[in-house]
Amino acid sequence: MSADLKKLPKVDDALKNQLEGFTPEKLKRATTAEKTALPTKEDIETERTHQNLIKGVTGFDKSTMRHAETQEKVALPAKEDIQTEKTHQSIFQGVQGFDKTNMRHTETQEKVALPAKEDIESERRHLKLREGVEKFDRSTMRPTETSEKCSLPTPTDIETERRHLKLVAGVEKFDKSTMRPTETSEKCSLPTPTDIETERRHLKLVAGVEKFDRSTMRPTETSEKCSLPTPQDIETERTHQSLFQGLEKFDKLSMKSTDTVEKIVLPTTEDIKTEKEQQALRAGIEGFDASVLKKTETQEKNPLPTKEEIEQEKKA
């Protein structure tokens, strides 16, 4: 019980009074400015790719699919499984039939330890440090402004996005008629000699536990000790109290209001030039005449297995 009370946070009465006497009139009015950023080229391109993928899934022709039947196989339990189940049942019966009258009553003794000199000295040092932080002169600090920059995508990012789009287009336009139907064969392998030996050892161990003679055991008495808070716990509690006191005595009038200024940096001459080159390159790719290309045949170096090889694999 004392261990649970030790973990509960403690609030000073002065802090409770201050929280109860709080009124909304003491708050200052602030204006919230909402900014909506337009989507970038990458976001638009990603959205188009996602829509094309959804159209491909929606327009998929289900008539090209073949009907398949699922075969369920039911295996009977082995001798080891039956033996294990019997062992579990015998253990449960032993637990249910246990005689509670053989147990002895015990009493709990609680001991209280006072804090040591080192703990008291550490608490004093912590209080001095807290006072130094609370009395810090904020007037010596200088205001700073945060500047946000929005950089254009690099050529590497554009090249990566193009590769991704080509890969998605290849997946969408893949001709499924070139695929061959296959049959899945399930194999149930027998246990190895190592597995059988391990199971035998486990059964011997369970049998030794079941046949153990409890009369050879001696009765023992259990003594529970509940120690008082350690010096570290007392140190932590004092730290919390000093922190609450610092929050109660904090003067909000010493704070100064600040305004956040957001700056948007315009692109440089080099960025504009790079963007124009990328646009010219895209225009050249889009306006490319595909009729000048020559038809080629693709040779697969990884041939599919023949019927003879499949039959040999099934026999193995």
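Engineer: Mind showing me how you'd approach the overall build of the protein here?
Structural biologist: Scanning the protein from terminus to terminus reveals 10 helices and 2 strands. Along the protein, helices (α) and strands (β) appear in the sequence α-α-α-α-β-α-α-α-β-α-α-α when read from the amino end. The buried share of the protein, reckoned over its 316 residues, is 6%. Counting contacts in the protein only where the partners sit at least 6 residues apart, residues at least 24 apart contribute 100% of the total. Of the roughly 31500 Å² that the protein leaves accessible, carbon and sulfur atoms contribute 55%.

Engineer: Could you clarify how one ought to interpret the packing of helix α3 (residues 41–58) against helix α6 (residues 155–172) in this entry?
Structural biologist: Describing two packed helices takes the angle between their axes plus the distance from one axis to the other. Remark: α3 packs on α6, axes separated minimally by 11 Å, with the N-to-C direction vectors making an angle of 10°. Here α3 is positioned roughly parallel relative to α6, judged by the angle of their axes. Contacts between α3 and α6 involve E45, T46, T49, N52 and L53 from the former and E161, L165, V168 and E172 from the latter. Looking at the contact of α3 with α6 residue by residue, the classes come out as 3 nonpolar, 3 polar and 3 charged.

Engineer: Explain the environment of T198 to me, please; I cannot follow it from the model alone.
Structural biologist: Mapped onto the secondary structure, T198 falls in helix α7 (residues 193–210). At 2.8 Å, the side chain of T198 and the backbone oxygen of T194 are in polar contact.

Engineer: Which parts of the structure should I look at to understand the pattern of salt bridges?
Structural biologist: Oppositely charged side chains may form a pair once their charged atoms are brought near each other. Overall, the coordinates contain 4 salt bridges when judged by the stated rule. As a salt-bridge pair, K41 and E275 come within 2.2 Å of each other at their nearest N and O atoms. Residue K41 is located in helix α3, and its partner E275 is located in helix α9 (residues 269–286); the two are separated by 234 residues in the primary sequence. Among the residues examined, K41 registers a relative accessible area of 42% and is labelled partly exposed. Measuring nitrogen to oxygen at the nearest pair gives 4.0 Å for the salt bridge that ties R125 to E121. With a gap of 4 residues between them, R125 and E121 both fall in helix α5 (residues 117–134), about one helical turn apart. On the accessibility criterion, R125 (58% relative accessible area) is exposed. For E121, a relative accessible area of 36% gives the class partly exposed.

Engineer: Any chance you could explain the side chain of S242 here in plain terms?
Structural biologist: Of note, S242 is situated in helix α8 (residues 231–248). Within the local environment of S242, its side chain forms a polar contact with the backbone oxygen of T239, the two atoms lying 2.7 Å apart. Excluding residues that lie within four positions of it along the chain, S242 makes contacts with H126, L127, R130 and E134.

Engineer: I'm lost on the environment of T146 in this one. Help?
Structural biologist: Position of T146 among the secondary structure elements: in the loop between α5 and α6. Counting along the chain gives 116 residues from T146 to E262, while the straight-line C-alpha distance between them is 6.8 Å.

Engineer: I keep staring at the side chain of T84 and nothing clicks. Help me out?
Structural biologist: Here T84 lies in helix α4 (residues 79–96). A polar side-chain atom of T84 sits 3.4 Å from a polar atom in the side chain of E199. Setting aside residues no more than four positions away along its own chain, T84 makes contact with E199 and L203.

Reading guide: rules and limits
- Residues numbered from 1 in each chain as written.
- Predicted model: local features only at pLDDT ≥ 70, side-chain atom pairs only at ≥ 80, totals over all residues.
- Heavy atoms only, no water.
- Helix = DSSP H or I, 4+ residues; strand = E, 2+ residues; numbered from the N terminus.
- Buried < 20%, exposed > 50% of the residue type's maximum accessible area, 1.4 Å probe, protein only.
- Contact = heavy atoms within 4.5 Å.
- Areas by Shrake-Rupley, 256 points an atom, 1.4 Å probe, with all protein chains shown as cover.
- Axes fitted to C-alpha atoms, helices over the stretch in contact; angles between N-to-C directions.
- Parallel < 35°, antiparallel > 145°, perpendicular 65-115°, else oblique.
- Nonpolar A, V, L, I, M, F, W, Y, C, P; charged D, E, K, R; others polar.
- Polar contact = N/O pair within 3.5 Å; in protein donor to acceptor, adjacent residues only side chain to side chain.
- Salt bridge = Lys/Arg side-chain N within 4 Å of Asp/Glu carboxyl O.

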